[in-house]
Structures are given as structure tokens and as C-alpha cells.
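Below are the chains, spelled out letter by letter.
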Amino acid sequence: MSLLNHFDQPVDDAQHAFRRILKALSEPGVVVSLPHGSGWQPLNPATTSILLTLVDQETPLYLDEPLNHDAVQQNIRFHCGAMLTTSIKNSLFSLFDNEIKEELLISCPAGNELSPEHTTTVILQATSLHLGVPLRLRGPGIEHHRTVAPQLPSIVLNYLLNRPIAFPAGLDFLLTCGENLMAIPRTTHVEVC
């Protein structure tokens, strides 16, 4: 077993990361920093911080193939106690990189009108949070509108623009790049500028 770094101060660092994640979710499109050394390669530092903070034995995690390394699995099990699932339909968190496949995204549980809590939070390791298609975000946590330009796979961009499932159901997205995080929750309306 090759154990990698966890938080230096587990309680304090997890609380700090939780507050930063909450800020990102409550203010869609705002970029926050989640430093964590070098991360658990191939996971970036922000993704590693999210897993250490939000994932535990009650939150099944799906790892897409390019990120599903033995060392990552071992550290998630050891540090988070998380249950790794091979069925995306059983996941509460799903972790992808830019090579996300459409059939996997549409297979993520999105809840329904009566049980919106039965949804997956999609963690996507993006190439950049600033060099993509300019998007205008509107909704809760945004006074008028916010313009962002994360570099997203076309599948994710299409999902965000066309939201195939009506609120209160739908997927929440945590976009990470390096030490940075941007959230686009299901409450956010997205359009191309």
C-alpha cells in the first residue's frame, strides 16, 4: 500500500476546505482555492481536498477509468473510508476528467421531483477554469449574472446549457483545476454569452 499525504491538520484543514467548497456552491462561478500539496496523482490538489472533505463511508464514489489507479483507490479507502463503486448508478459522487463519456454522464443519478437528494455530484477535473467558452450564469447566489469561461468537454457544456432534468432534480458540478474549484450547481441557469 502506498499511502500519500492527507491534510497536515486533518480537522482544521477539512473545516477550511468545507467552508471553501460551500462558498463555491453558494456563489456559482466564483473560483476558490483548495490547496493540498501535490494531490494524489492523477488527481489534482483541489480534487484531493474535495474527497478528503466530503467523501466518507456513506457516500459511494465512482472513479472514471483514467483516474481509477490503485494508489488513488488505496488512499481514498484509507483516508476517507469511502465505498468505491463500479456502478455509476449507485454513486453519490462521480469523478471524471476531460475524457468523460456521454453515456456515463447521462447514467449519473439525477434524483427526481420527489427525491432530489438522490443525485450525484459530478467532480470534473477541467483543463482550465478560464480558457473555455464564455458562459453567463444566473440564479441563486448571483446578484445579476456572472460570466465564466471554464474549459469543458462538449458533453458537459451541452448538459449545462440544456439541463435535461428539471429542477429540483439534476446534477451539481464541481469543476477543479490545480488548486482551484468552481461550482455550477443544479440551481444555476447557464447560457453562452
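From a predicted model like this one, the values you see are computed outputs, not experimental measurements.

Peer 1: How would you explain helix H2 (residues 45-54) if you had to name every residue and give the values?
Peer 2: Within H2, nine of the 10 residues are buried, which leaves the element mostly enclosed by the surrounding structure. Considered for burial, the residues of H2 that qualify are Pro45, Ala46, Thr47, Thr48, Ser49, Ile50, Leu51, Leu52 and Thr53. Sitting at the amino-terminal end of H2 is Asn44, which places a side-chain oxygen 3.2 Å from the backbone nitrogen of Ala46.

Peer 1: Give a detailed account of the environment of Cys108, specifying residues and quantitative values.
Peer 2: Residue position: Cys108 is located in the loop between helix H4 (102-107) and strand S4 (121-125). A C-alpha to C-alpha distance of 24 Å links Cys108 and Glu27, two positions 81 residues apart in sequence. Leave out the neighbours within four places in its chain, and Cys108 touches Ile88, Ser94, Phe96, Thr120, Val122 and Leu171.

Peer 1: Summarise the packing of helix H1 (residues 10-26) against H2; cite the residues concerned and give the values.
Peer 2: Look at H1 against H2: their axes get within 9 Å of each other, and the N-to-C directions meet at 105°. Accordingly, the angle class assigned to the pair H1 and H2 is roughly perpendicular. Where H1 abuts H2, its residues Ala14, Ala17, Phe18 and Ile21 lie against Ile50, Thr53 and Leu54. Split by residue class, the contact of H1 with H2 holds six nonpolar, one polar and no charged.

Peer 1: I'd like a rundown of the packing of aromatic side chains, residues and numbers included.
Peer 2: Within this structure, the stated rule accounts for two aromatic pairs. Taken together, a centroid distance of 6.1 Å and an interplanar angle of 45° make the contact between Tyr62 and Phe96 tilted. Taken together, the residues Tyr62 in strand S2 (residues 61-63) and Phe96 in strand S3 (residues 93-96) connect sequence positions 34 residues apart. Comparing Tyr62 with Phe96 shows no difference in burial state: the two are buried.

Peer 1: Could you give an account of the sheet that holds strand S9 (residues 189-192), naming the residues involved and the relevant values?
Peer 2: In space, the three strands of this open sheet follow the order S6-S5-S9, with antiparallel pairing throughout. With one partner strand each, in any of the chains shown, strand S6 (146-148) and S9 form the two edges of the open sheet. Averaged over all neighbouring strand pairs, the angle between strand axes comes to 30°, with direction disregarded. Strand direction decides the pairing type here: strand S5 (residues 135-138) and S6, joined by three bridges, are antiparallel. Pairing of Leu135 across the sheet is with Val148, part of S6.

Peer 1: Kindly report on the side chain of Thr59, identifying the contributing residues and their values.
Peer 2: Relative to the elements of secondary structure, Thr59 occurs in the loop between H2 and S2. Polar side-chain contacts of Thr59 include one of 2.7 Å to the backbone nitrogen of Asp56.

Peer 1: With reference to specific residues and values, describe the pattern of salt bridges.
Peer 2: Counted by the stated rule, this structure contains four salt bridges. The residue Glu191 makes a salt bridge to Arg138 at a minimum N-O spacing of 3.4 Å. Pair noted here: Glu191 is in strand S9 and Arg138 is in strand S5, with a separation of 53 residues, a long-range link. Using a relative accessible area of 24% as the deciding quantity, one classes Glu191 as partly exposed. Given the relative accessible area of 34%, Arg138 is considered partly exposed.

Quick notes on the rules
Residues numbered from 1 in each chain as written. Predicted model: local features only at pLDDT ≥ 70, side-chain atom pairs only at ≥ 80, totals over all residues. Heavy atoms only, no water. Buried < 20%, exposed > 50% of the residue type's maximum accessible area, 1.4 Å probe, protein only. Helix = DSSP H or I, 4+ residues; strand = E, 2+ residues; numbered from the N terminus. Polar contact = N/O pair within 3.5 Å; in protein donor to acceptor, adjacent residues only side chain to side chain. Contact = heavy atoms within 4.5 Å. Axes fitted to C-alpha atoms, helices over the stretch in contact; angles between N-to-C directions. Parallel < 35°, antiparallel > 145°, perpendicular 65-115°, else oblique. Nonpolar A, V, L, I, M, F, W, Y, C, P; charged D, E, K, R; others polar. Phe/Tyr/Trp six-rings, centres within 6.5 Å; stacked < 30°, edge-to-face > 60°. Pairing = 2+ DSSP bridges. Salt bridge = Lys/Arg side-chain N within 4 Å of Asp/Glu carboxyl O.

Everything listed here is a matter of coordinates, which is why it stays silent on function.
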